[in-house]
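Residue strings, one per chain:
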Amino acid sequence: MSKEISKLMRGAAEREHFTVRDSNGKLSDPNEAVFPIFSAGIDGRLHFLATGFFITRLGWFVTAKHVVDDVLNEKGEAVDGMCIVQFREGHIIHVRPVIGFTCHDVADVAVGVCAPMSHKVTGEPLFNKVLTLSSKRLQLGWPVWTYAYPGTTVVHSSQQNIQINPNFYAGSVAEYYENGRDSSMLPAPCYRTTITLHAASSGGPVFGPGSAVVGVNSSSFNGAEDVSFISRIVDTFTLGVPDVMLPGEDKTRRVTIQELIKNNHVAVKK
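All values derive from a computational prediction rather than experimental measurement.

The rules behind the values
- Residues numbered from 1 in each chain as written.
- Predicted model: local features only at pLDDT ≥ 70, side-chain atom pairs only at ≥ 80, totals over all residues.
- Heavy atoms only, no water.
- Phe/Tyr/Trp six-rings, centres within 6.5 Å; stacked < 30°, edge-to-face > 60°.
- Helix = DSSP H or I, 4+ residues; strand = E, 2+ residues; numbered from the N terminus.
- Buried < 20%, exposed > 50% of the residue type's maximum accessible area, 1.4 Å probe, protein only.
- Lys NZ or Arg CZ within 6 Å of the ring centre and 35° of its normal.
- Polar contact = N/O pair within 3.5 Å; in protein donor to acceptor, adjacent residues only side chain to side chain.
- Disulfide = S-S within 2.5 Å.

Colleague: Any details on the packing of aromatic side chains? Residues and values, ideally.
Modeller: Scanning the entire structure with this criterion turns up 12 aromatic pairs. On the basis of an interplanar angle of 45 degrees and a centroid distance of 5.5 Å, the ring pair of Phe18 and Trp145 is categorised as tilted. Here Trp145 lies in strand E11 (residues 143-148) and Phe18 lies in the loop between strand E1 (12-13) and strand E2 (34-40), a separation of 127 residues in the sequence. We note that Phe18, like Trp145, is buried. Ring geometry for Tyr176 against Tyr191: centres 4.7 Å apart, planes inclined by 35 degrees, an arrangement best described as tilted. Here Tyr191 lies in strand E15 (residues 190-193) and Tyr176 lies in strand E14 (residues 167-177), a separation of 15 residues in the sequence. Taken as a pair, Tyr176 and Tyr191 share a single burial class, namely buried. Joined through ring pairs, the aromatic side chains of Phe18, Phe87, Trp145, Tyr147, Tyr149, Phe168 and Phe207 make up one cluster. Above the ring of Phe127, the side-chain terminus of Arg57 is found at 3.9 Å from the ring centroid.

Colleague: Can you lay out the side chain of Glu32 for me, pointing to particular residues and giving the numbers?
Modeller: Here Glu32 is to be found in the loop between E1 and E2. Here the side chain of Glu32 touches Lys129 through a polar contact of 3.1 Å, side chain to side chain.

Colleague: Go over the state of the cysteines, please, and point to the residues and values.
Modeller: Evaluation of the coordinates by the stated rule reveals 0 disulfides. Lacking any disulfide linkage, Cys114 is separated from the closest cysteine sulfur, that of Cys83, by 9.0 Å. Here Cys114 falls in the buried class, since its relative accessible area comes to 1%. Cys190 takes part in no disulfide bond, and the closest cysteine sulfur to it belongs to Cys103, at a distance of 17 Å. Residue classification places Cys190 among the buried positions, given a relative accessible area of 1%.

Listed below in structure tokens is the structure:
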């Protein structure tokens with residue numbers, strides 16, 4: 001993997017003006033909780049798809065529904081060998097396979113689950129950093145910003161060389177569509193913002209007051225600046241993942257994000 005590319009894409013914001021906090025309220029490197037998502041083609045090589053972000057310490061994450069619609073079978077399994085590239089403190093890199101997804105019926109949001117990680121010697125589980133979510137309804141004019149991985153490329157030579165280009169992109173809330181923007185692409189409640197989005201920013205977290213996640217990048221108009229659309233993070237709360245065993249339980253079952261919130265496995269700021 002190459003070092004991070006320093007170039008700024010159109011609409012990128014200076015990093016020193018923004019902060020990201022983990023579930024304990026501490027300042028955090030956004031690269032440890034926000035990551036690029038890849039699929040493996042029939043040639044076995046990685047292909048960059050989008051952005052996602054962790055909401056639980058054991059690898060549950062959120063991205064945009066349209067990112068994964070075409071690569072799932074009827075069981076919600078990632079048939080194209082999807083994976084994420086996770087960055088940890090100390091320049092440690094993990095490639096984690098994606099086990100499966102649950103997608104919202106209407107909103108452009110999905111919850112995915114990565115394969116767990118464990119310590120090579122002790123076998124103890126390794127945890128990832130997570131972001132804090134917010135259930136607030138955004139007001140017009142409020143500042144919002146995203147952190148995403150547009151411009152990431154995979155150079156296919158004798159070995160795959162992933163060149164990443166994450167950055168902050170800032171704007172404000174311009175409009176709220178209570179009944180959805182349209183009947184096909186974004187039929188659920190969503191926001192229009194002035195954030196400039198590039199291809200593969202989809203699925204990235206959108207931050208609001210208190211540096212908590214209020215939305216998920218959904219779309220923009222091709223070539224347009226200062227026009228983008230975000231789905232609400234609260235629409236992930238009803239989603240659930242099957243075959244989960246919570247601490248203290250003796251069998252697996254379907255568990256919703258709302259239940260994880262109630263049991264303090266997902267951090268939410270009201």
